[in-house]
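# Fold and contact review
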Amino acid sequence: MDGDLGVVTASKVRVAAVDILTGREYSRTELETKLRRKFPGHASIEMVLVALAGEQLQCDRRFTEAFVRSRLQRGQGPRRIRAALREKGIDTELFEETILLMAVDWFSLATQVLQRKQGGRDFANARERAQRMRFLQYRGFTVEQTRFAIESLGDSVEFDV
(Lines give C-alpha, C1' and ligand atoms only; values in the text may rest on other atoms or scores of the structure.)
Protein backbone atom coordinates (compact mmCIF):
# COMPACT_ATOMS: atom_id res chain seq x y z
CA MET A 1 0.00 0.00 0.00
CA ASP A 2 2.55 2.56 -1.06
CA GLY A 3 -0.14 5.05 -2.05
CA ASP A 4 -1.81 4.98 1.39
CA LEU A 5 -1.66 8.51 2.83
CA GLY A 6 -2.23 7.17 6.35
CA VAL A 7 1.16 5.42 6.54
CA VAL A 8 3.73 7.51 8.34
CA THR A 9 7.26 6.94 7.13
CA ALA A 10 10.58 8.42 8.22
CA SER A 11 10.46 10.40 4.99
CA LYS A 12 7.14 12.00 5.98
CA VAL A 13 8.53 12.85 9.43
CA ARG A 14 11.55 14.48 7.78
CA VAL A 15 9.40 16.49 5.36
CA ALA A 16 7.27 17.71 8.26
CA ALA A 17 10.39 18.69 10.23
CA VAL A 18 11.88 20.59 7.29
CA ASP A 19 8.54 22.35 6.75
CA ILE A 20 8.55 23.44 10.39
CA LEU A 21 12.13 24.69 10.11
CA THR A 22 11.42 26.81 7.03
CA GLY A 23 9.51 29.36 9.10
CA ARG A 24 12.22 30.14 11.69
CA GLU A 25 14.92 28.52 13.79
CA TYR A 26 13.77 26.00 16.40
CA SER A 27 15.64 24.37 19.25
CA ARG A 28 15.96 20.61 19.06
CA THR A 29 13.59 20.29 22.02
CA GLU A 30 10.93 22.47 20.38
CA LEU A 31 11.18 20.60 17.09
CA GLU A 32 10.99 17.24 18.85
CA THR A 33 7.88 18.36 20.75
CA LYS A 34 6.18 19.46 17.54
CA LEU A 35 7.04 16.21 15.76
CA ARG A 36 5.90 14.04 18.70
CA ARG A 37 2.57 15.89 18.71
CA LYS A 38 2.15 15.37 14.97
CA PHE A 39 3.44 11.76 14.91
CA PRO A 40 2.86 10.31 18.41
CA GLY A 41 5.10 7.38 19.22
CA HIS A 42 6.78 7.28 15.80
CA ALA A 43 10.11 5.49 16.02
CA SER A 44 11.99 7.55 13.42
CA ILE A 45 11.67 10.96 15.11
CA GLU A 46 15.00 10.65 16.92
CA MET A 47 16.76 9.50 13.75
CA VAL A 48 15.31 12.43 11.78
CA LEU A 49 16.41 14.92 14.47
CA VAL A 50 19.97 13.54 14.46
CA ALA A 51 20.09 13.70 10.65
CA LEU A 52 18.80 17.28 10.54
CA ALA A 53 21.39 18.38 13.09
CA GLY A 54 24.11 16.57 11.13
CA GLU A 55 23.08 18.43 7.98
CA GLN A 56 22.98 21.72 9.92
CA LEU A 57 19.29 22.17 9.08
CA GLN A 58 18.61 22.33 12.81
CA CYS A 59 21.23 23.86 15.08
CA ASP A 60 20.79 24.81 18.74
CA ARG A 61 23.67 27.31 18.52
CA ARG A 62 22.10 29.12 15.56
CA PHE A 63 18.71 29.04 17.30
CA THR A 64 20.24 30.51 20.48
CA GLU A 65 21.96 33.32 18.57
CA ALA A 66 18.75 34.28 16.76
CA PHE A 67 16.71 34.04 19.96
CA VAL A 68 19.14 36.18 21.96
CA ARG A 69 19.28 38.80 19.18
CA SER A 70 15.48 39.05 19.09
CA ARG A 71 15.23 39.34 22.88
CA LEU A 72 17.96 41.98 23.00
CA GLN A 73 15.98 44.04 20.50
CA ARG A 74 13.00 43.79 22.85
CA GLY A 75 15.16 45.13 25.69
CA GLN A 76 15.25 41.99 27.81
CA GLY A 77 17.98 41.26 30.33
CA PRO A 78 20.11 38.17 30.84
CA ARG A 79 18.01 36.53 33.56
CA ARG A 80 14.83 36.64 31.51
CA ILE A 81 16.50 35.46 28.30
CA ARG A 82 18.28 32.61 30.11
CA ALA A 83 14.98 31.44 31.66
CA ALA A 84 13.18 31.53 28.30
CA LEU A 85 15.97 29.54 26.67
CA ARG A 86 15.88 26.96 29.44
CA GLU A 87 12.17 26.44 28.67
CA LYS A 88 13.15 25.76 25.06
CA GLY A 89 15.70 23.13 26.07
CA ILE A 90 18.85 25.24 25.73
CA ASP A 91 21.41 24.87 28.49
CA THR A 92 22.94 27.81 30.35
CA GLU A 93 26.41 27.05 28.96
CA LEU A 94 25.30 27.64 25.37
CA PHE A 95 23.60 30.89 26.43
CA GLU A 96 26.78 32.07 28.18
CA GLU A 97 28.94 31.20 25.15
CA THR A 98 26.55 33.03 22.85
CA ILE A 99 26.49 36.26 24.84
CA LEU A 100 30.29 36.18 25.13
CA LEU A 101 30.61 35.88 21.35
CA MET A 102 28.02 38.64 20.87
CA ALA A 103 29.82 40.85 23.41
CA VAL A 104 26.56 41.99 25.00
CA ASP A 105 26.87 45.03 27.28
CA TRP A 106 24.01 44.40 29.71
CA PHE A 107 24.71 47.60 31.66
CA SER A 108 24.39 49.74 28.55
CA LEU A 109 21.27 47.86 27.44
CA ALA A 110 19.62 48.36 30.85
CA THR A 111 20.38 52.09 30.64
CA GLN A 112 18.92 52.32 27.12
CA VAL A 113 15.78 50.43 28.15
CA LEU A 114 15.27 52.67 31.18
CA GLN A 115 15.90 55.79 29.13
CA ARG A 116 13.21 54.75 26.64
CA LYS A 117 10.82 54.00 29.50
CA GLN A 118 11.44 57.35 31.19
CA GLY A 119 11.25 59.41 28.05
CA GLY A 120 14.04 61.71 29.30
CA ARG A 121 12.24 62.65 32.52
CA ASP A 122 13.99 62.65 35.87
CA PHE A 123 12.65 60.47 38.65
CA ALA A 124 9.98 62.44 40.50
CA ASN A 125 10.34 60.61 43.80
CA ALA A 126 11.46 57.43 45.52
CA ARG A 127 8.26 55.64 44.51
CA GLU A 128 8.94 56.29 40.83
CA ARG A 129 12.55 55.11 41.23
CA ALA A 130 11.28 51.90 42.84
CA GLN A 131 8.87 51.39 39.93
CA ARG A 132 11.73 51.75 37.44
CA MET A 133 13.84 49.31 39.43
CA ARG A 134 11.03 46.75 39.39
CA PHE A 135 10.53 47.39 35.67
CA LEU A 136 14.17 46.58 34.89
CA GLN A 137 14.24 43.57 37.16
CA TYR A 138 11.03 42.26 35.54
CA ARG A 139 12.81 42.67 32.21
CA GLY A 140 15.51 40.34 33.54
CA PHE A 141 18.29 42.72 34.53
CA THR A 142 20.34 42.08 37.66
CA VAL A 143 20.42 44.41 40.67
CA GLU A 144 23.87 45.63 39.58
CA GLN A 145 22.69 46.38 36.05
CA THR A 146 19.60 48.12 37.43
CA ARG A 147 21.69 50.21 39.82
CA PHE A 148 24.05 51.19 37.01
CA ALA A 149 21.18 52.24 34.73
CA ILE A 150 19.52 54.37 37.38
CA GLU A 151 22.78 56.00 38.44
CA SER A 152 23.75 56.59 34.79
CA LEU A 153 20.60 58.58 34.31
CA GLY A 154 21.62 60.91 37.12
CA ASP A 155 19.96 59.48 40.18
CA SER A 156 21.80 57.71 42.94
CA VAL A 157 19.72 55.20 44.80
CA GLU A 158 20.30 53.30 48.01
CA PHE A 159 19.70 49.61 47.41
CA ASP A 160 18.74 47.19 50.13
CA VAL A 161 20.22 43.99 48.77
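Criteria and cut-off values
Residues numbered from 1 in each chain as written. Predicted model: local features only at pLDDT ≥ 70, side-chain atom pairs only at ≥ 80, totals over all residues. Heavy atoms only, no water. pLDDT = per-residue confidence, 0-100. Contact = heavy atoms within 4.5 Å. Salt bridge = Lys/Arg side-chain N within 4 Å of Asp/Glu carboxyl O. Helix = DSSP H or I, 4+ residues; strand = E, 2+ residues; numbered from the N terminus. Buried < 20%, exposed > 50% of the residue type's maximum accessible area, 1.4 Å probe, protein only. Axes fitted to C-alpha atoms, helices over the stretch in contact; angles between N-to-C directions. Left-handed = near helix turned anticlockwise from the far one by under 90°. Phe/Tyr/Trp six-rings, centres within 6.5 Å; stacked < 30°, edge-to-face > 60°. Lys NZ or Arg CZ within 6 Å of the ring centre and 35° of its normal. Arc of directions from axis to C-beta.

## Here's the deal with the confidence of the model for the protein chain
- The share of residues in the protein chain with pLDDT of 70 or more is 88%, and the mean pLDDT across the chain is 89.
- The low-confidence segment residues 156–161, where pLDDT is below 50, has 11 contacts with residues more than four positions distant or belonging to other chains.

## Overview of the pattern of salt bridges
- Under the defined criterion, the tally for this structure stands at nine salt bridges.
- Residue Arg-14 is joined to Glu-55 by a salt bridge in which the shortest nitrogen-to-oxygen separation is 2.7 Å. In this pair, Arg-14 sits in helix H1 (residues 10–23) while Glu-55 sits in the loop between helix H3 (45–54) and helix H4 (60–73), placing the two residues 41 residues apart along the sequence.
- On the basis of relative accessibility, which here comes to 30%, the residue Arg-14 falls in the partly exposed class.
- Given a relative accessible area of 42%, Glu-55 falls into the partly exposed group.
- Through salt bridges with shared partners, a single network forms among Arg-28, Glu-32, Arg-36 and Glu-46.

## Regarding the packing of helix H2 (residues 28–38) against H3
- Relative orientation of the contacting elements H2 and H3 amounts to 145°, with a least axis distance of 11 Å. Pair H2 / H3 crosses with right-handed handedness. Contacts between H2 and H3 involve Arg-28, Leu-31, Glu-32, Leu-35 and Arg-36 from the first element and Ile-45, Glu-46, Leu-49, Val-50 and Leu-52 from the second.

## Details of the packing of aromatic side chains
- Tallying each qualifying case throughout the model produces two aromatic pairs.
- Aromatic side chains Phe-107 and Phe-148 sit 5.4 Å apart centroid to centroid with 75° between the ring planes, which places their arrangement in the edge-to-face category. Taken together, the residues span a long stretch of sequence, with Phe-107 in helix H7 (residues 106–118) and Phe-148 in helix H9 (residues 143–152) at a distance of 41 residues.
- Against the face of Tyr-138 rests Arg-80, its NZ or CZ located 4.6 Å from the ring centre.

## Re the environment of Tyr-138
- For Tyr-138, the location among the structural elements is in helix H8 (residues 126–138).
- For Tyr-138, a relative accessible area of 58% translates into the label exposed.
- With 58 residues separating them along the chain, Tyr-138 and Arg-80 place their C-alpha atoms 7.9 Å apart.

## Considerations on helix H5 (residues 78–87)
- Among all positions in H5, only Pro-78, Ile-81, Ala-84 and Leu-85 are buried. Along the axis of H5, the buried residues cluster in a sector spanning 135°; they form a single face. More than 90 degrees from the buried face of H5, the exposed residues found are Arg-86 and Glu-87.
- Residues of H5 that are buried in the fold lie against H4, helix H6 (92–102), H7 and H9.
- Where H5 terminates, the next one or two residues include Gly-89, which has phi positive at roughly 85°.

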